[in-house]
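Chains, contacts and geometry: an overview
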Amino acid sequence: DQWYPYGTQIYNGLLTSIQKRFSRGLSMSANWTWSHCLGYYQGFNSKPEETTTNPYNPLADRGNCDSDRRHIINLTAVALAPKFSNNLMRTMVTGWQLAGIYRYISGAPIFVQDGTDQELSGINHQQPNLVDPSAVYTGQTCGGCFYLNKAAFAPQPLGTVGNLGWNSVMSPSYRTIDLALSRQFRFHERHIFEIRADAFNIINGLVPATA
């Protein structure tokens, strides 16, 4: 391993948010983070013999940070059932509260390696050649499916460095919804009985990346 003192990481981000305060039984808020983190290869989180792709040019390994998430979106809402004048409707419906959270996170960068020593450097964790940039992803995220198109990559010629950039391939984006339904019943000034049902990670959805 070699350690270099001049590596840097640069993060630029835009955070926007909007909020609707409680009125007419509804409250909503949303925030969106649009950001990009660029840095240099970090060889401390995988194999012990990791090193830079090109030992003669360490700064060539500049790309997306491991922590880079281009988009993060959060939406929250709370809705209260209206107060009905009808006794039956007021007993059955009034007081119920529905709360929901929607979350979307862009995919994380992937460091693709070919597992061969095409560079003839004695290290077998090297980046291959990207031969078909338009067909990197298969568009599938199901269990047992290939998310990456293996035909889009090829081992680089012997004695050469692969052209695939560090962390240049993205994993699937992720989205989920959490819901909670509840109602409180007040018996005395200090005694409240609550009925609550929670559902987490309802859709558990992966969104394939595109080339």
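Residues numbered from 1 in each chain as written. Predicted model: local features only at pLDDT ≥ 70, side-chain atom pairs only at ≥ 80, totals over all residues. Heavy atoms only, no water.

Notes on the overall build of the chain
Of regular secondary structure, the chain possesses one helix and 12 strands. The globule rule puts the C-alpha radius of gyration for 211 residues at 17 Å, and the 25 Å found for the chain is more than 25% above it. If one aligns the C-alpha atoms of the chain with their principal axes, the spans along those axes are about 85 × 40 × 30 Å. A total of 211 residues make up the chain; the buried ones form 27% of that total. A sequence separation of at least 24 residues applies to 65% of the contacts in the chain between residues at least 6 apart. For the chain, the exposed surface amounts to about 13700 Å²; the carbon and sulfur share of it is 58%. (Helix = DSSP H or I, 4+ residues; strand = E, 2+ residues; numbered from the N terminus. Rg over C-alpha atoms; globule rule 2.2 N^0.38 Å. Buried < 20%, exposed > 50% of the residue type's maximum accessible area, 1.4 Å probe, protein only. Contact = heavy atoms within 4.5 Å. Areas by Shrake-Rupley, 256 points an atom, 1.4 Å probe, with all protein chains shown as cover.)

Some words on the environment of N204
Inspection of the secondary structure assignment puts N204 in the loop between β11 (191-199) and β12 (205-207). Classification of N204 as partly exposed rests on a relative accessible area of 47%. Each C-alpha atom, one on N204 and one on R175, is 6.5 Å from the other, the two residues being 29 residues apart in sequence. In this view, N204 contacts Y174, R175 and T176; residues no more than four positions away in its chain are not counted. Here the side chain of N204 touches N201 through a polar contact of 3.5 Å, side chain to side chain. (Polar contact = N/O pair within 3.5 Å; in protein donor to acceptor, adjacent residues only side chain to side chain.)

As for unusual backbone geometry
Even without being glycine, R24 reaches a positive phi, approximately 55 degrees. Secondary-structure assignment places R24 in the loop between β1 (9-23) and β2 (26-40). Residue classification places R24 among the exposed residues on the basis of a relative accessible area of 89%. Backbone geometry places N167, a non-glycine residue, at a positive phi of 55 degrees. With respect to the element layout, N167 can be found in the loop between β8 (153-154) and β9 (169-170). Residue N167 is classed as buried on the basis of its relative accessible area, which comes to 1%.

Some words on the state of the cysteines
Counted under the stated rule, the structure contains two disulfides. Across the disulfide, C37 is cross-linked to C65 (sulfur-sulfur distance 2.1 Å). The chirality of the disulfide connecting C37 with C65 is left-handed, given an S-S dihedral of about -70 degrees. With a gap of 28 residues between them, C37 in strand β2 and C65 in the loop between β3 (62-64) and β4 (71-80) connect regions that are remote in the sequence. With respect to class, C37 is no different from C65; both count as buried. (Disulfide = S-S within 2.5 Å.)

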